[in-house]
Amino acid sequence: MTELETTGETKAARQDRGGLAGIFTFDREPSARQEDVRAAVTAGAGLSSSYFIMNAAATLIAGYGLLADSVAVIIGAMLIAMLYGPILGLGLAMAEANTRLLSRAFVAEALGAAWVLSIGFGLGLLHKDIAIGEQVLARTAPNLLDLMIALVGGAAGAYAMTAPRISSAVVGVAIATALCPPLTACGILFAHGQPGLAGGAFLLFLTNLIAIAVAAMLVFLARGYRAVFRGGKATVSWTARIIALVLLGGLSVYLAGALHRAVSEVSLRNRAQQALSGALERYPGARVIELRFEDDAEQRAAAFAVIRSPASFSPADMALLDDVVDAASGDDILLHVRTVRVEELTRDGPVQQQAWPGGLD
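Note that the structure is a prediction, hence the values are computed from the model and not measured.

Definitions and cut-offs
- Residues numbered from 1 in each chain as written.
- Predicted model: local features only at pLDDT ≥ 70, side-chain atom pairs only at ≥ 80, totals over all residues.
- Heavy atoms only, no water.
- Helix = DSSP H or I, 4+ residues; strand = E, 2+ residues; numbered from the N terminus.
- Expected span 1.5 Å × (residues − 1).
- Buried < 20%, exposed > 50% of the residue type's maximum accessible area, 1.4 Å probe, protein only.
- Phe/Tyr/Trp six-rings, centres within 6.5 Å; stacked < 30°, edge-to-face > 60°.
- Pairing = 2+ DSSP bridges.
- Axes fitted to C-alpha atoms, helices over the stretch in contact; angles between N-to-C directions.
- Patch = residues over 30% accessible without salt bridge, like charges linked within 9 Å, V, L, I, M, F, W, Y side chains within 5 Å.
- Areas by Shrake-Rupley, 256 points an atom, 1.4 Å probe, with all protein chains shown as cover.
- Salt bridge = Lys/Arg side-chain N within 4 Å of Asp/Glu carboxyl O.
- Right-handed = clockwise from strand over helix to strand, strands pointing away.

Draft legend 1. Fine view of helix α6 (residues 84–96). Compared with the 18 Å implied by 1.5 Å per residue over 13 residues, the 19 Å span of α6 between its first and last C-alpha is a close match. For α6, the buried fraction is high: 12 of the 13 residues fall into the buried class. Among all positions in α6, only Tyr84, Pro86, Ile87, Leu88, Gly89, Leu90, Gly91, Leu92, Ala93, Met94, Ala95 and Glu96 are buried. Note on α6: the residue one or two positions beyond its end, Ala97, has a positive phi of about 55°.

Draft legend 2. Focus on unusual backbone geometry. One non-glycine residue, Asp69, lies in the positive phi region at around 55°. Residue placement: Asp69 occurs in the loop between α4 (49–67) and α5 (71–80). A residue is classified by how much of its surface remains accessible, and Asp69, at 36% relative accessible area, is partly exposed.

Draft legend 3. Broad picture of the packing of aromatic side chains. Counted under the stated rule, the structure contains five aromatic pairs. Between Phe202 and Phe205, the ring centres sit 5.9 Å apart and the planes meet at 45°, which makes this aromatic pair tilted. Of the two residues, Phe202 and Phe205 are both situated in helix α12 (residues 195–222); the distance of three residues between them amounts to about one turn of the helix. The class for Phe205 is buried, based on a relative accessible area of 3%.

Draft legend 4. The sheet that holds strand β5 (residues 334–341), seen in detail. In space, the three strands of this open sheet follow the order β3-β4-β5, with mixed pairing throughout. The sheet is open, and its two edges are formed by β3 (287–295) and β5, each paired on a single side. The average angle at which neighbouring strand axes cross in this sheet is 20°, direction not considered. Across eight bridges, β3 lies against strand β4 (residues 301–309) in antiparallel orientation. Opposite Val288, over in β4, you have Ile307 as the bridge partner.

Draft legend 5. Seen up close, a nonpolar patch on the surface. A cluster of nonpolar side chains, namely Leu47, Phe106, Val107 and Leu111, defines an oily patch on the protein surface of about 360 Å² accessible area. With respect to the helices and strands, Leu47 occurs in the loop between α3 (31–44) and α4. Residue Leu47 is classed as partly exposed on the basis of its relative accessible area of 41%.

Draft legend 6. The pairing of β5, seen in detail. As judged from the eight bridges shared by β4 and β5, these two strands associate in the parallel manner. Following the sheet pairing, Ile307 is matched in β5 by Thr339. Between the parallel elements β4 and β5, the chain passes through helix α14 (residues 315–329) in a crossover that is right-handed.

Draft legend 7. Spotlight on the pattern of salt bridges. Following the criterion strictly, the structure yields two salt bridges and no others. The shortest N-O distance in the salt bridge between Glu35 and Arg38 comes to 2.6 Å. Taken together, the positions of Glu35 and Arg38, both in helix α3 and three residues apart, correspond to about one turn of that helix. Owing to a relative accessible area of 47%, Glu35 belongs among the partly exposed residues under this scheme. Close ionic contact of Arg38 with Glu96 constitutes a salt bridge, the shortest N to O distance being 2.7 Å. In this pair, Arg38 is assigned in helix α3 and Glu96 in helix α6, connecting sequence segments 58 residues apart. A single burial state applies to Arg38 and to Glu96, both of which are buried. One network of salt bridges, with partners in common, ties together Glu35, Arg38 and Glu96.

Draft legend 8. The arrangement of the environment of Leu126 in detail. Within the secondary structure, Leu126 is located in helix α7 (residues 99–126). A relative accessible area of 58% means that Leu126 is categorised as exposed. Once the C-alpha coordinates of Leu126 and Ala191 are considered, the two residues, 65 residues apart in sequence, prove to be 9.0 Å apart.

Structure (structure tokens):
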């Protein structure tokens, strides 16, 4: 760094403090310790053959875990992925206005993300006959909760990196702030011709990246990793800080809206399902298995219900059940019912079902 020098710590600040002061004081680190951390972060933010090999292995493990709907396998992929290191590098670079480290970490993260995406896309093409499962879909709708997890994870990772004896906690942070699985899911979804869902998975990765980098930058600054300029301005570094904060703010607004919509949808579904279940009490043997809201083929607001029932519903029954859903949702919803026919048996044969009323009062 030719334009700046990193601030060190005074001799008094290096002294070990005991008691409550030592617990609650957030001191800057000794210069020697800072140099060790700086070297470790810089090494983890660079490109190497190990970086590509381990990310390829993590992507393959994550991809097959996603296709198999196996949470344990996906966690295994998080443990060996190396996408987290360059993001810590971005945080340190923005804290210290280190343009060289900033460009090094950015290139490493961009190439690593492209590498993971391409392998995920290849997996999706190779196994296009496997249906998209729950674990893939779970990574397509990020909200504000994901952003908060990434912010806390980024702060914890940076602090663990700078604090003696707890650097191993970075492994746990890497699990909490997953980077490889959403990118792999994005590639698989693109291969399956689902660009909308793929965009949601990529947004989750981008949310984690930006939140971790900003949180890490703030922790590094608090720990004394900052720059004193001798002359001129590190325009690129300050621009990177501003862009990161603006992106974080924009993501916060968007993801807060996404969380509000998700909570509203769950509340609506619960109200409608409860009302529908109440209405079905007059139909012995009938109960709701599933209810979801989405537009139908003609782009009309619709509710799709799966009902386990010993008999089919008449048009009059359907009209009245539709009215129940309309009243619960406060909107004109077209109810679609798929009936799963069931029969109750004992050793003496079929149980006679009570006659249905033929419609709701």
